[in-house]
Protein chains: 2
Amino acid sequence: MPRLRYNGSSHFLQTDMSRKPRIRSGSGVTMHDVAKAAGVSAITVSRALNQPQQVSPHLRDKVQQAVDALGYVPSRSASALASARSRTVLVLIPSLGNTVFLDTLAGIESILAPAGYQMLIGNSHYDAEQELQLLRAYLQHRPDGLLLTGLSHAAPFDALLRQHALPAVYMMDLADDGRCCVGFSQEEAGAAITRHLLSRGKRRIGFLGAQLDERVLKRLAGYRATLAEAGLHDPSLEWLDPSPSSMQMGADMLDAALRARPDCDALFCCNDDLAIGALARCQQLGVAVPQRLAVAGFNDLQPATWCIPSLTTVATPRREIGVQAARALLNMMDGGMPDAPRVDLGFELMLRRSS
Amino acid sequence: MPRLRYNGSSHFLQTDMSRKPRIRSGSGVTMHDVAKAAGVSAITVSRALNQPQQVSPHLRDKVQQAVDALGYVPSRSASALASARSRTVLVLIPSLGNTVFLDTLAGIESILAPAGYQMLIGNSHYDAEQELQLLRAYLQHRPDGLLLTGLSHAAPFDALLRQHALPAVYMMDLADDGRCCVGFSQEEAGAAITRHLLSRGKRRIGFLGAQLDERVLKRLAGYRATLAEAGLHDPSLEWLDPSPSSMQMGADMLDAALRARPDCDALFCCNDDLAIGALARCQQLGVAVPQRLAVAGFNDLQPATWCIPSLTTVATPRREIGVQAARALLNMMDGGMPDAPRVDLGFELMLRRSS
DNA sequence: GCTGTTTATGTTAGCGCTAACAAAAGTTGA
DNA sequence: TCAACTTTTGTTAGCGCTAACATAAACAGC
């Protein structure tokens, strides 16, 4: 390829004044404008805003006055580009419609916001492939860290994390492979609620499962193990549907369950939505809860206290999971290793009238 | 101030090799690396990725191969800085715990994501001051546009929008001042449900209100106007509480209402949460719904179909609001004016058993 | 063939900020 | 008083990308 010649043959110092100035975005006030107004250099403005203790009080005040007078808002893009730190954390959750994850988000925000980090929220809709796409898309923002829901992700996921050297904390569940995770044992929780139903004298305990994500399957595993141990496991008492859970689905599943197994005397629903739909249907059908049929849910959402009868369920420390996961991530982003790579926050059985 | 002298006195062409190289963030693959690998210039890579039709198929393929081989992920910060466009939209909503806004978000995303925009979600917790802080914080990202909930914001809000020349679309309600808005008349909806209760022969119609945000107050205004017109407005039938709504609060308010006005024969609750809490309490107390007391809610959330008795409420086009608001904003960000600055999407009365 | 137009590709500079280093000013201790 | 620090402030270059313009090549019309 022949080397191209240019008519400009511009020298280093020759500024081409014929160029059109670019349109500035934002209010157009830059750090240099602030510096000029305050009579200092740009780096002093940068320091006054980011490391105030490094700047003398006198200059700090002058800078602050100039910032206020001009309405200066620093540019995150420029800062990220220059410092190679975006001060941004990517949070990937499976659903925004589920209170569980909203509570977790609130916990995360309560830690990250004061630390100067902003959250990018990605909603994977319980789909590993979509989650991978989200990660790819959000990597363009060069997040400094990652908060993930669950342990199993699409195949290239971990490779991407390694390639980009991204610290990540896994939430909601517990891994055994050294990954940093904050959560509780989904399996153990499923076992605990099943043991409770057994302790109530129930013997033909069914399972209603929707979505069938990783966590639901672990609760199911806990349920199966417990019943198997008691010699009571019966696969024909399990009703599973991979579509997203809803109260409607809980009602429909209850119908199906009672039709197939009228002798079923308890139901562990994989979440409160299903359980509340099932309870409402029991009311309509005149099925006595808990006498003829005990019902248990999972998560302890607000309606669990308010449905009739009130719902026995598993309270999960979801806000605290967010808080501790965010703290661990902050720690890792500062270059430290987490104190404990595996934080088990446990769960609590909420025993109410439905059992 | 004396001019400082430096020992370096570096010339243009003299590269100071003693400097430490900076640590690269991300995977460290830049557009130049891709360009080198593909045997083209950087700008060709940029164009191949952003305006593929401007690049010949042959080079486009070579670039794509290099991108895949190196695992290149473009940097949004650098792109935003160079182009003065962040391809980011800031969405400010009052609450993440309210399904209403989640549905709106989903609608927004369905339009913005395919257009290459990413959302920044700010949760103001129904607080105008916090909303202003969020705007300030997120302005650092230089969003290209803004989607706002409601019409009234903190005082410096509009000034900031003007200063930064930010296109904005207001959602959920209808303004008369030329601002671009997509929603429905909250006032008219409040009036419509009140008229419905009147048509059912109710005469002492109460109002339960929580949160008391802008939209609740407009629904209240519609309720008042309708009753006043019928000569039935009675301020002692209004129970208002500025704290966030919940089912618990609905139950408590029902107690208070029946205690103060046992003759009350209908209740318009400002949202479904309150209504469902009130309904549950009626069940517990043995209050016949709708015979002795009719109950109506607002929003038509999922549980409205499932509570007992099912809840009469107002279905709001919240997803469609998000969709159309996002479309209008895209239009404005492209420099165009919205076709109609004011889009009224209406609402629908869902008449069920509770009335 | 020659000119005017369109298409494909390239060079340069600069977006707004901060890391790295340099220098000046202040402070300490003998 | 002066060397040795520490603190404060400043200069330079460059982060990774794209706008603006330049050039070359391909094509059109005569």
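Keep in mind the model is a prediction, meaning the values are calculated, not measured.

1. A short note on the interface of chain B and chain A
Stage number 1. At the junction of the two partners, chain B supplies 46 residues and chain A supplies 46 residues.
Stage number 2. Buried area between chain B and chain A, summed over both chains or domains, comes out near 4,600 Å², and the portion from carbon and sulfur atoms is 59%.
Stage number 3. It is B:Gln140, B:Arg142 and B:Trp306 that lose the most area in chain B upon contact with chain A, and together they represent 16% of the buried surface on that side.
Stage number 4. The tally of links between chain B and chain A comes to zero salt bridges.
Stage number 5. The tally of links from chain B across to chain A stands at seven residue pairs in polar contact (both at pLDDT 80 or more).
Stage number 6. Within the residue set of the side of chain B that touches chain A, elements represented by two or more residues are α4 (76–83), α5 (99–112), β2 (118–123), α6 (128–139), α10 (247–260), α11 (272–285) and α12 (303–306) of chain B.
Stage number 7. Ranked by residue count, the leading element in the side of chain B that touches chain A is α4(B), at six residues.
Stage number 8. Looking at side-chain class alone, the side of chain B that touches chain A contains 24 nonpolar, 18 polar and four charged residues.

2. Here's the deal with helix α9 (residues 214–229) of chain A
Residue and element names in this part refer to chain A.
Stage number 1. Over its 16 residues, α9 runs 23 Å from end to end, which matches the ideal 22 Å to within 8%, given 1.5 Å per residue.
Stage number 2. Among all positions in α9, only Glu214, Arg215, Val216, Arg219, Leu220, Gly222, Tyr223, Thr226 and Leu227 are buried.
Stage number 3. The N-cap residue of α9 is Asp213: its side-chain oxygen and the backbone nitrogen of Arg215 are 3.0 Å apart.
Stage number 4. Gly231, located one to two residues past α9, shows a positive phi value of around 70 degrees.

3. A closer look at the packing of aromatic side chains
All names here are of chain A.
Stage number 1. As enumerated under the stated definition, the model contains 10 aromatic pairs over all chains in all.
Stage number 2. With 5.1 Å between their ring centres and 45 degrees between their planes, Phe207 and Tyr223 make a pair best called tilted. Here Phe207 is found in strand β6 (residues 205–210), whereas its partner Tyr223 is found in helix α9, with 16 residues between them in sequence. Exposure class is identical for Phe207 and Tyr223. Each is buried.

4. What about the nonpolar core?
Stage number 1. Counting residues in hydrophobic clusters, the biggest one holds 156 residues, and the most contacted among them are A:Leu105, B:Leu105 and B:Leu147.
Stage number 2. Among all residues touching B:Leu105, those that are not within four sequence positions of it are A:Leu96, B:Val91, B:Ile93, B:Leu96, B:Met119 and B:Ile121.
Stage number 3. With 44 residues, the next largest nonpolar core counts A:Leu120, A:Leu135, B:Leu92 and B:Leu135 among its residues.

5. Overview of the side chain of B:Ser124
All names here are of chain B.
Stage number 1. Counting through the fold element by element, Ser124 comes out in the loop between β2 and α6.
Stage number 2. Ser124 sits in the buried class, given a relative accessible area of 4%.
Stage number 3. Setting aside its immediate chain neighbours within four residues, Ser124 contacts Ile93, Pro94, Gln130, Glu131 and Leu134.

6. Points about helix α1 (residues 31–38) of chain A
All names here are of chain A.
Stage number 1. Every buried residue of α1 is accounted for by Val34, Ala35 and Ala38. Along the axis of α1, the buried residues cluster in a sector spanning 100 degrees; they form a single face. Of the exposed residues in α1, those oriented more than 90 degrees away from the buried face are His32, Lys36 and Ala37.
Stage number 2. Taken from the residues just after α1, Gly39 is the one with a positive phi, measuring 70 degrees.

7. Here's the deal with the sheet that holds strand β9 (residues 294–296) of chain B
Residues and elements named next belong to chain B.
Stage number 1. Read across the sheet, four strands follow the order β7-β6-β8-β9 without closing on themselves; strand pairing throughout is parallel. Two strands lie at the open edges of the sheet, namely β7 (238–241) and β9, each paired on one side alone. Going across the sheet, the axis of each strand differs from the next one's by a mean of 15 degrees, ignoring polarity.
Stage number 2. With four bridges connecting them, strand β6 (residues 205–210) and strand β8 (residues 266–269) associate as parallel partners. Paired with Leu208 across the two strands is Cys269, which belongs to β8.

8. Side note on the relation of the copies chain B and chain A
Stage number 1. Structural alignment of chain B on chain A gives an RMSD of 0.1 Å, achieved by rotating through 180 degrees and translating 0.0 Å along the axis. Interpreted geometrically, this transformation is the action of a two-fold axis. Taking C-alpha positions as reference, the residue of chain B nearest the rotation axis is B:Ser77, located at 2.2 Å.

9. Concerning the state of the cysteines
Two cysteines whose sulfur atoms are joined by a covalent bond form what is called a disulfide.
All names here are of chain A.
Stage number 1. Summed over all chains, the structure comprises zero disulfides over all chains.
Stage number 2. The thiol of Cys270 is unpaired, and the distance to the nearest cysteine sulfur, on Cys269, comes to 7.5 Å.
Stage number 3. Taking relative accessible area as the criterion, Cys270 reaches 0% and is therefore assigned buried.

10. Some thoughts on the pattern of salt bridges
Side-chain pairing between opposite charges can occur once the charged atoms of the two side chains come close.
All names here are of chain A.
Stage number 1. Across all of its chains, the model carries 28 salt bridges over all chains by this definition.
Stage number 2. For Arg261, the salt bridge goes to Asp234, with nearest N and O atoms at 2.7 Å. Of this pair, Arg261 sits in the loop between α10 (247–260) and β8 (266–269) while Asp234 sits in the loop between α9 and β7 (238–241), placing them 27 residues apart in sequence.
Stage number 3. The closest approach of N and O atoms between Asp300 and Arg352, which form a salt bridge, is 3.0 Å. With Asp300 in the loop between β9 (294–296) and α12 (303–306) and Arg352 in the segment after β12 (348–350), this residue pair connects regions lying 52 residues apart in the sequence.
Stage number 4. Taking the relative accessible area as the measure of exposure, Asp300 reaches 18% and is therefore buried.
Stage number 5. Since its relative accessible area comes to 19%, Arg352 is described here as buried.
Stage number 6. Several salt bridges share partner residues, and in doing so they unite Arg204, Asp234, Arg261, Asp263 and Asp265 into one network.

11. Quick word on the domain arrangement of chain A
Stage number 1. Per the domain assignment, the segments making up chain A are domain 1 (31–74), domain 2 (86–184 + 319–346) and domain 3 (186–315).
Stage number 2. In this structure, domain 1 of chain A and domain 2 of chain A have C-alpha centres spaced 35 Å apart.

12. What to know about the environment of A:Phe157
Stage number 1. Along the polypeptide, A:Phe157 turns up in helix α7 (residues 156–163).
Stage number 2. Judged by relative accessible area, A:Phe157 falls into the buried class, the value being 0%.

What counts, and where the lines are drawn
- Each chain carries its own residue numbering, running from 1 in the direction its sequence is written.
- Chains and ligands are labelled by the order in which they are written, letters from A for the one and numbers from 1 for the other.
- For this predicted model, a pLDDT threshold of at least 70 governs which residues receive local features, and a threshold of 80 or more governs which side-chain atom pairs are given and counted, while totals over whole chains, interfaces and linings are taken from all residues.
- The basis for every side-chain value is the complete set of heavy atoms in the structure, and neither hydrogens nor water enter the calculation.
- Contacts are assigned to residue pairs with any non-hydrogen atoms lying within 4.5 Å of each other.
- What counts as buried area is the accessible surface, traced by a 1.4 Å probe, that two parts surrender upon association, with contributions from both included.
- The salt bridge criterion pairs a side-chain nitrogen of Lys or Arg with a carboxyl oxygen of Asp or Glu, the two atoms within 4 Å.
- Between N or O atoms, a polar contact is any pair within 3.5 Å; within protein, one atom must be a potential hydrogen donor and the other a potential acceptor, and residues adjacent in sequence are included only when both atoms are from side chains.
- The numbering of helices and of strands both runs from the N terminus, where a helix is a DSSP run of H or I of at least 4 residues and a strand a run of E of at least 2.
- Gly is put with the polar residues, along with every residue not named as nonpolar or charged; the nonpolar set is Ala, Val, Leu, Ile, Met, Phe, Trp, Tyr, Cys and Pro, and the charged set is Asp, Glu, Lys and Arg.
- In this analysis, the expected span of each helix is defined as 1.5 Å times one less than the number of residues it contains.
- For each residue, the accessible area found with a 1.4 Å probe, counting protein chains only, is set against the maximum for its type, and the residue is called buried under 20%, exposed over 50%, and partly exposed in between.
- Within 6.5 Å between ring centres, the rings of Phe, Tyr and Trp (the latter by its six-membered ring) count as paired, and their orientation is classed by plane angle as stacked under 30 degrees, edge-to-face over 60, tilted in between.
- Put simply, a nonpolar core is a bunch of buried Ala, Val, Leu, Ile, Met, Phe, Trp, Tyr and Cys residues held in one set by side-chain atoms that sit within 4.5 Å of each other.
- When we speak of the arc, we mean the arc of directions from the helix axis to the C-beta atoms.
- Strands qualify as paired when DSSP identifies two bridges or more between them.
- Note on geometry: axes are lines fitted to C-alpha atoms, helical ones only across the stretch in contact, with angles between N-to-C directions running from 0 to 180 degrees.
- To line up the copies, we fit them by least squares on C-alpha atoms, keeping just the residues with pLDDT of at least 70 in both.
- Here, two cysteine sulfur atoms that lie within 2.5 Å of each other are counted as a disulfide.
- An automatic or database domain assignment supplies the residue ranges for each domain.

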